[in-house]
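A look at the structure
Listed below are the residues making up each chain.
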Amino acid sequence: MKIDCKIVQEHLSAWMDGELEGAFTDGVQQHLATCTSCARELVHFQKLNQLAHSFSADSSHIPLWEMIEQRMNLRTDGQVLKNCDSSKLGSIRIKSRLGSRPWRAIFGVAACFAATVLMIVIIGRPWATNRNSMDRSAVEQATNVSLNLQPVVEQFQSDPQASIRTLKKHYNLEDLSLADADASFGRLTYVSKYWNDDALPGSATPESTMLLSLSSCQCPKGKCTCGDGGCNCVVSVCRRPDGSIFLVFEQCQSQSVSFGNLPVKIVKRNGLEVQETWFRGVSAISFDWLSGKVVVVGLRSDSEVDSLFANNF
Amino acid sequence: MSNLDQELDDGTIRLAAKGVRDAQRRIYEKYGNQVYRTIERIVGQSDADDVLQDAFIRLFQKLPTFRFESAFSTWIHRVMVNEALQHLRKRKRKLMTTNFDRQPEPEIDKRPFIASEVAEVITQAMKQIEPELRRIFELKAIDELSYAEIAEIVGIPEGTVGSRLNRARRELRDQLIELGWEG
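**Description of the overall build of chain B**
In terms of helices and strands, chain B carries eight helices and zero strands. Mapped in sequence order, the helices and strands of chain B form the string α-α-α-α-α-α-α-α. Burial status across chain B gives 50% buried among its 183 residues. With the model as given, the accessible surface of chain B reaches about 9200 Å², and the carbon-plus-sulfur share is 48%.

See below:
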């Protein structure tokens, strides 16, 4: 078969990508060895493949790791029950058996429950012997529940509302009143307290408040400051008189906050240790407050940050 | 993607296989961006977040089966492509059974700014060619998928993939030459 330039041009990509088979492949190869025009096109194609890899070096806003971690934690938590179901009852069969032999199913569930209680008792026993050290350790372990605010901080300067949308995309947020947030914490939240004292930075006022739910609470008993029903954060949007906003997060002590790859400095402000990062003129600050943590995103100058601590501490 | 990567150390991979979250996070942080783009090209932007999460959960479940006989980046890329293809097949089945209207083609997202000059030029050139051609070219040149896989993803006959790639490469080359590329 005579293989001319036209045929080679039609099959050049397939040949280069190893998608051709048989004697035809050899024919193309022989043609390329003698035809400078087709060979030149092949070199171009090969170079384009190399150039295309430049794309993979850019960054996308991928979902936060914490979302995957939460889902895996939920699966791990659910595994006990799942295993229990399958060993005692059969997770698929339980539905059909319930009708005909309900007592058997109830007995199985009771057995699972008893086994779970027994495990909790066994695991819980060492706490009684060395409560303080175990509490500390549990708090340290619990810090794997964290907020990664890097995308929020990065977007804040150019579009604060978009940064809130990003937050909503990555975490479960529901609106609530500041009073409900106070009730959830069992005390005045940070924003509530300093708004009452007219001491929020930039004479801001709280515009809206949201409850940000994280995965199940891992705080030791009595250590959680964020109310019942799991580890929640309260996020308040505070508006300055000039219309600009900043965000205030309040978390319990067992949670951690991360600013991802942004460079974080530990600085002392008014005697208080503060984690601080700046991105395009916008700050993100984290510090301990009462028995929890506060993170403020969106203060715009060093003096505004200083005013926060001068006013409040 | 593998030729761009410096592989993670084996220790991290082994720890991740044992379920150590910090090691798993390192894997996610290292490969998440790259595989996200691959998944996005396969399933489209609207499903990419969900598929990425599912795919990483599956990946960590499968990790104990990784035998260190191939590059980790190659393995992870293949797992992700398979997960994305599975999702695509499920979606197609659902569309067929529920007789929904044909979904719009997944949009190719706007490229963010890339610092390197070469990348900037090729990004500009890529914007000039038809979105479908660009997608096919990326699925081949970046994701290194087979023609059969590309045909399945794009919804064209396998025999057409080669000719579309020819067109994509020629158009891209011409655009680059206009932008000063010397070939």
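**Comments concerning the sheet that holds strand 9 (residues 282–289) of chain A**
Across a sheet, paired strands are connected by hydrogen bonds in the backbone, their directions being either parallel or antiparallel. Residues and elements named next belong to chain A. Ordered in space as 2-3-4-5-10-9-8-7, the eight strands form an open sheet in which the pairing is antiparallel. Unpaired on one side and paired on the other, strand 2 (172–176) and strand 7 (265–269) mark the two borders of the sheet. For this sheet, the mean angle separating the axes of adjacent strands, direction not counted, is 25 degrees. Bridge count between strand 7 and strand 8 (residues 272–279): five bridges; the pairing is antiparallel. By the bridge assignment for strand 8, R269 is matched with L272. Relative to the sheet, helix 9 (residues 160–170) contacts strand 2, strand 3 (205–213), strand 4 (232–239) and strand 5 (245–252), its axis offset from that of strand 5 by approximately 30 degrees.

**Remarks on the confidence of the model for chain B**
Residue and element names in this part refer to chain B. Mean pLDDT for chain B: 81, with 81% of residues reaching 70 or above. Long-range and interchain partners of residues 1–5, a stretch whose pLDDT sits below 50, account for 18 contacts in this model, where long-range means more than four residues apart. pLDDT under 50 marks residues 98–115. Its contacts with residues more than four places away, or in other chains, come to 33 contacts.

**Quick notes on the packing of helix 1 (residues 5–16) of chain A against helix 3 (residues 36–52) of chain A**
Residues and elements named next belong to chain A. Interhelical geometry of helix 1 versus helix 3 gives an angle of 25 degrees and a closest axis separation of 11 Å. Viewed along their axes, helix 1 and helix 3 adopt a mutual orientation that is roughly parallel. Considering the relative orientation of helix 1 and helix 3, their crossing is right-handed. In contact with C5, V8, Q9, L12, S13, W15 and M16 of helix 1, helix 3 contributes C38, E41, L42, F45, Q46 and N49. Per-class residue counts for the contact of helix 1 with helix 3 are eight nonpolar, four polar and one charged.

**Focus on the nonpolar core**
Counting 76 residues, the largest nonpolar core has I27, I42, F56 and F72 of chain B as its most contacted members. V152, V153, C233 and F259 of chain A belong to the second largest nonpolar core, which has 27 residues in total.

**Here we look at the packing of aromatic side chains**
Residue and element names in this part refer to chain B. In total, this model carries 14 aromatic pairs over all chains according to the counting rule given. Considering the side-chain rings of Y31 and F72, the 5.6 Å spacing of their centres and the 70 degrees angle between planes classify their relative orientation as edge-to-face. With Y31 in helix 2 (residues 21–43) and F72 in helix 4 (residues 72–98), this pair connects stretches of sequence that are 41 residues apart. Taking the relative accessible area as the measure of exposure, F72 reaches 2% and is therefore buried. Where F66 meets W75, the ring centres are 5.0 Å apart and the plane angle is 45 degrees; that geometry is what we call tilted. Taken as a pair, F66 and W75 share a single burial class, namely buried. A cation over a ring is seen here: R14 above F68, with NZ or CZ 4.2 Å from the ring centre. Against the face of Y31 rests K30, its NZ or CZ located 5.6 Å from the ring centre.

Calculation rules
Residues numbered from 1 in each chain as written. Chains lettered and ligands numbered in written order. Predicted model: local features only at pLDDT ≥ 70, side-chain atom pairs only at ≥ 80, totals over all residues. Heavy atoms only, no water. Helix = DSSP H or I, 4+ residues; strand = E, 2+ residues; numbered from the N terminus. Buried < 20%, exposed > 50% of the residue type's maximum accessible area, 1.4 Å probe, protein only. Areas by Shrake-Rupley, 256 points an atom, 1.4 Å probe, with all protein chains shown as cover. Pairing = 2+ DSSP bridges. Axes fitted to C-alpha atoms, helices over the stretch in contact; angles between N-to-C directions. Contact = heavy atoms within 4.5 Å. pLDDT = per-residue confidence, 0-100. Parallel < 35°, antiparallel > 145°, perpendicular 65-115°, else oblique. Left-handed = near helix turned anticlockwise from the far one by under 90°. Nonpolar A, V, L, I, M, F, W, Y, C, P; charged D, E, K, R; others polar. Core = buried A, V, L, I, M, F, W, Y, C linked by side-chain atoms within 4.5 Å. Phe/Tyr/Trp six-rings, centres within 6.5 Å; stacked < 30°, edge-to-face > 60°. Lys NZ or Arg CZ within 6 Å of the ring centre and 35° of its normal.

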